[in-house]
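Here is what each chain is made of, one letter per residue.
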Amino acid sequence: NEFYYESCDLIMNISKQTYAIVKDVWKTNPPEDWQVTYLPHGVSDKFYPINIFDEEYKEVEKLRQQLTEDNVDFIVFFNNRNIRRKMPGDIILAFKTFCDMLPKEKADKCALLMHTQPREVAKQIAPGCKVYFSEKKLETRQLNWLYNMVDITINIASNEGFGLGTCESLMAGTPIIVNVTGGLQDQCGFKL
């Protein structure tokens, strides 16, 4: 890609990994310092932890009741598009495998909440598991409620420029499970 990089006046990278790759590849006619930059993805301050004692937590609980059953104690959240590189089928299979490893009484209290729509895939891959869907467009505050009601957010995309959903989850105080690709590793604090 060096030829393509050299044809650019400026390359602004949203992940440290891409920044390092461009710097490493562009060697024959090296760029000026300003021509290759790292500019992290823009992030909103509208995602934040909601304490169970806050008045707003009532909204979190209402949303939880709308989307899941009462006897769910642990929720894995997937907030991504329903496309192959985002791996929604693999998420469902991984969740089923996770539940299969638990005693039945614990597995019955686990749920996968997907803010996307691979319903038929879930029926075929994990028929005995609790897989719920949030398919409507949500306002930012409602999405923050989702991050605050779940226990963990997962993104195992095969390639990911940044991973906005997991970044928002971290801002809401919810841990993430990610693979080491693109901008996801920036969220894990890896250094160049």
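Anything mentioned here points back to the structure above.
Residues numbered from 1 in each chain as written. Predicted model: local features only at pLDDT ≥ 70, side-chain atom pairs only at ≥ 80, totals over all residues. Heavy atoms only, no water.

1. Some details on the environment of Asn-155
Its location among the elements puts Asn-155 in strand β6 (residues 152–155). You can call Asn-155 buried: its relative accessible area is 3%. A sequence separation of 58 residues divides Asn-155 from Thr-97, and the C-alpha atoms of the two residues are 16 Å apart. (Helix = DSSP H or I, 4+ residues; strand = E, 2+ residues; numbered from the N terminus. Buried < 20%, exposed > 50% of the residue type's maximum accessible area, 1.4 Å probe, protein only.)

2. What about helix α8 (residues 164–171)?
All of the buried residues along α8 are Gly-165, Thr-166, Cys-167, Glu-168 and Ser-169. Taken from the residues just after α8, Gly-173 is the one with a positive phi, measuring 85°.

3. Some remarks on the packing of helix α3 (residues 57–67) against helix α7 (residues 140–149)
Contact geometry of α3 with α7 gives a least axis separation of 9 Å together with a crossing angle of 80°. Classified by the angle their axes make, α3 and α7 are roughly perpendicular. Of the residues in α7, those in contact with Glu-59, Val-60, Leu-63, Arg-64 and Leu-67 of α3 are Gln-142, Trp-145, Leu-146, Asn-148 and Met-149. The class makeup of the residues in the contact of α3 with α7 is 6 nonpolar, 2 polar and 2 charged. (Axes fitted to C-alpha atoms, helices over the stretch in contact; angles between N-to-C directions. Parallel < 35°, antiparallel > 145°, perpendicular 65-115°, else oblique. Contact = heavy atoms within 4.5 Å. Nonpolar A, V, L, I, M, F, W, Y, C, P; charged D, E, K, R; others polar.)

4. So, the packing of aromatic side chains
Applying the stated rule across the entire model yields 5 aromatic pairs. Ring geometry for Phe-95 versus Phe-98: centroids 6.5 Å apart, planes at 40°, classification tilted. A residue pair is termed a helical-turn pair when its members lie 3 or 4 positions apart in one helix, as Phe-95 and Phe-98 do in helix α4 (residues 88–101) at 3 residues. A relative accessible area of 4% means that Phe-95 is categorised as buried. An aromatic cluster is built from Phe-47, Phe-77 and Tyr-147, whose rings are joined through pairwise contacts. (Phe/Tyr/Trp six-rings, centres within 6.5 Å; stacked < 30°, edge-to-face > 60°.)

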